[in-house]
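Close look at the chain arrangement
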Amino acid sequence: MAPSKKVLMLCGDYMEDYEAAVPFYALAGLGVAVHCAAPGKAPGDPCLTAVHDFLGYELYTELPGHRFRVTADFAAAAADPSSYDALLVPGGRFVEQLSVDADAVALVRAFAGELRRPVVLTCHSQVLLAAAGAMGGVRCTAFFSLRPVVELAGGTWVDPDPFSLCVADGHVLTAIGWPAHGEIIAQLLRALGGRVLGGRGQGVLFLCADYVDDYEANVPFRALAGVGCRVEAACPTKRKGEPCVTAIYEDVTGAAPGAVSGEKRGHNFVMTVDWADIDVDDYECVVVPGGRSPELLVTNEKAVALVGKFAAEGKVVASIDQGHLVLAASGLLKGKRCASGVPMRVISNLAGAAAVEPEGAVADGKLVTAASWPDLAEFIAHLVDLLGITVSF
């Protein structure tokens, strides 16, 4: 079924990595089409993203992220904004350039003013609302440095406390940034007229360790939170509140087919529960993201046994790419169809998989597998379906 709602995401070089990827894949997995457009770029062109996180300094550190592909023509989108149901603008330094781009500002003004359709602004992109002259009287939150901008533009500042806060004032939705994505998704679905059934309170546990894949951990984590699930993250060797460092993997630019992906440091992914406090009965699903994290998890007998217990109790078990290593050790791939990228294809076969798809995401009973992070929308759609969650408009 074709998506009944269509969202425009305004993109550009050095937009925040999560703030582009999470809504793009999460909304697609929940049945909302997301078109990504950037001034000066054509469909297929990449935008370089930036990772923003606090790494021990007084201000967040900026690291190189992914190459995020534009999917729509900006001029066509700007000429007919009424063809979209909402506008979403990630944070990042690119909004400084957009704030003096007359066409980008006019697009924001159209959604915020004439159309009065949902506008989602995160971190620093609230400056576009000010540039469009549409901040007056709006209750708004943002990254702390934007408080004087909000107040100079006639808005009412709201402290981002907690960081997961999304402030909805009419059709304007604002947040400090990616820590609020669960609430952003929930609020945006509501603003689009969406109705979510079945998700409230369902527990989903993410198993992680250092160098877990950046997107594969955070995107489904925030997406499931957005439909009401109680999502937790745990690591056998870390306590609640401690971070796992994530890794970014992409094909090397200009490399021959089959070249090994490059690795870069990503965001921190914070554990939300102590390992000793995990009770399988508190959850309906376990997710094992990929990256190099599973190489640590598979050496931990308790982690392997925990995944096996989820399966034995008839709960949903899901993994992405290298996460299959833990499923293989747990004996869960035998006789199952699965999707596996190059790194895990041989291992999936050795573990007795009945059939291995080279891309996409596959659900076989209560087992969900995905080949890699570009398949996250399909992966999320399978998880939502198996958890009995429906999103309708």
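This text goes with the structure placed above it.
Here goes a summary of the coordinates provided. Everything quoted here is computed from the prediction, not taken from an experiment. (Residues numbered from 1 in each chain as written. Predicted model: local features only at pLDDT ≥ 70, side-chain atom pairs only at ≥ 80, totals over all residues. Heavy atoms only, no water.)

A separate point is the sheet that holds strand β13 (residues 203-207). Pairing is mixed across the open sheet formed by six strands, whose spatial order is β15-β13-β18-β19-β23-β22. Of all the strands in the sheet, just β15 (230-234) and β22 (361-364) have a single pairing partner and so form its edges. Along the sheet, successive strands turn relative to each other by an average axial angle of 15°, direction set aside. Alignment of β13 against β15, held across five bridges, turns out to be parallel. For Gly203, the partnering residue across the bridge sits in β15 and is Arg230. The sheet contacts of helix α8 (residues 214-226) involve β13, β15 and β19 (316-320), and relative to β13 the element is tilted by about 170°. (Pairing = 2+ DSSP bridges. Helix = DSSP H or I, 4+ residues; strand = E, 2+ residues; numbered from the N terminus. Axes fitted to C-alpha atoms, helices over the stretch in contact; angles between N-to-C directions. Contact = heavy atoms within 4.5 Å.)

This next bit is on the packing of aromatic side chains. Tallying each qualifying case throughout the model produces 13 aromatic pairs. Between Phe24 and Tyr25 the ring centres are 5.0 Å apart and the planes differ by 85°, which places this aromatic pair in the edge-to-face class. For Tyr25, a relative accessible area of 9% corresponds to the buried category. Among the aromatic residues, those joined into a cluster by ring pairs are Phe24, Tyr25, Phe68, Tyr215 and Trp373. Over the face of the ring belonging to Tyr14 we find Arg93, whose NZ or CZ atom lies 5.0 Å from the ring centre. (Phe/Tyr/Trp six-rings, centres within 6.5 Å; stacked < 30°, edge-to-face > 60°. Buried < 20%, exposed > 50% of the residue type's maximum accessible area, 1.4 Å probe, protein only. Lys NZ or Arg CZ within 6 Å of the ring centre and 35° of its normal.)

Glancing now at the pattern of salt bridges. Between side chains of opposite charge, a pair can form when the charged atoms approach closely. Under the definition given, this model contains eight salt bridges. Asp13 serves as the salt-bridge partner of Lys41, at 3.4 Å between the closest nitrogen and oxygen. Placement of Lys41 in the loop between β3 (32-37) and β4 (46-53) and of Asp13 in the loop between β1 (5-10) and β2 (15-16) is noted, with a sequence separation of 28 residues between them. Residue Asp13 is classed as partly exposed on the basis of its relative accessible area, which comes to 30%. Notably, a salt bridge pairs Glu151 with Arg147, separated by 3.0 Å at the nearest N-O pair. Of this pair, Glu151 and Arg147 both sit in helix α6 (residues 147-152), four residues apart, roughly one helical turn. When its relative accessible area of 37% is taken as the criterion, Arg147 is described as partly exposed. (Salt bridge = Lys/Arg side-chain N within 4 Å of Asp/Glu carboxyl O.)

Turning next to unusual backbone geometry. Asp161 connects to Pro162 through a cis peptide bond whose omega is 5°. Mapped onto the elements of the fold, Pro162 is located in the loop between β9 (156-157) and β10 (166-169). Positive phi, close to 70°, is recorded for Tyr14, a residue that is not glycine. By the element assignment, Tyr14 lies in the loop between β1 and β2. Accessibility expressed as a relative area gives 34% for Tyr14, which makes it partly exposed. Positive phi outside glycine occurs at Tyr211, with the angle close to 70°.

Before going further, it helps to spend a moment on the pairing of β4. Counting buried positions over the eight residues of β4 gives six, a clear majority of the element. Here two bridges tie β2 to β4, and the two strands are oriented parallel to one another. Its bridge partner lying in β4, Glu16 is registered against Ala50. Where β4 and strand β5 (residues 61-69) come together, seven bridges link them in antiparallel fashion. The partner of Cys47 across the bridge, within β5, is Phe68.

Leu10 and Phe379 are the most contacted members of the largest nonpolar core, which totals 125 residues. Residue contributions to this core peak at eight residues, all from helix α1 (residues 17-29). (Core = buried A, V, L, I, M, F, W, Y, C linked by side-chain atoms within 4.5 Å.)

Okay, the side chain of Thr369 next. Structurally, the position occupied by Thr369 is in strand β23 (residues 367-370). At 2.9 Å, the side chain of Thr369 forms a polar contact with the backbone nitrogen of Ala339. Discounting residues that sit within four places of it in the chain, Thr369 has contacts with Ser319, His324, Leu327, Arg337, Cys338, Ala339, Gly360, Ala361, Val362 and Phe379. (Polar contact = N/O pair within 3.5 Å; in protein donor to acceptor, adjacent residues only side chain to side chain.)

It is the contact of α1 with helix α13 (residues 376-386), at a shortest axis distance of 7 Å, that shows an interaxial angle of 45°. By the angle between their directions, the pair α1 and α13 is classed as oblique. In the crossing of α1 with α13, the sense of the turn from one axis to the other is right-handed. Contacts from Tyr25, Ala26, Ala28 and Gly29 of α1 reach α13 at Leu376, Ala377, Ile380 and Ala381. Its residues assigned to classes, the contact of α1 with α13 comprises seven nonpolar, one polar and no charged. (Parallel < 35°, antiparallel > 145°, perpendicular 65-115°, else oblique. Left-handed = near helix turned anticlockwise from the far one by under 90°. Nonpolar A, V, L, I, M, F, W, Y, C, P; charged D, E, K, R; others polar.)

With their axes 7 Å apart at the nearest point, helix α7 (residues 181-191) and α8 run at an angle of 45° to one another. With respect to their mutual orientation, α7 and α8 come out oblique. The two elements α7 and α8 cross, and the hand of that crossing is right-handed. For the pair α7 and α8, contact is made by His181, Gly182, Ile185, Ala186 and Leu189 and by Arg222, Ala223, Ala225 and Gly226, respectively. Residues belonging to the contact of α7 with α8 are distributed by class as follows: five nonpolar, three polar and one charged.

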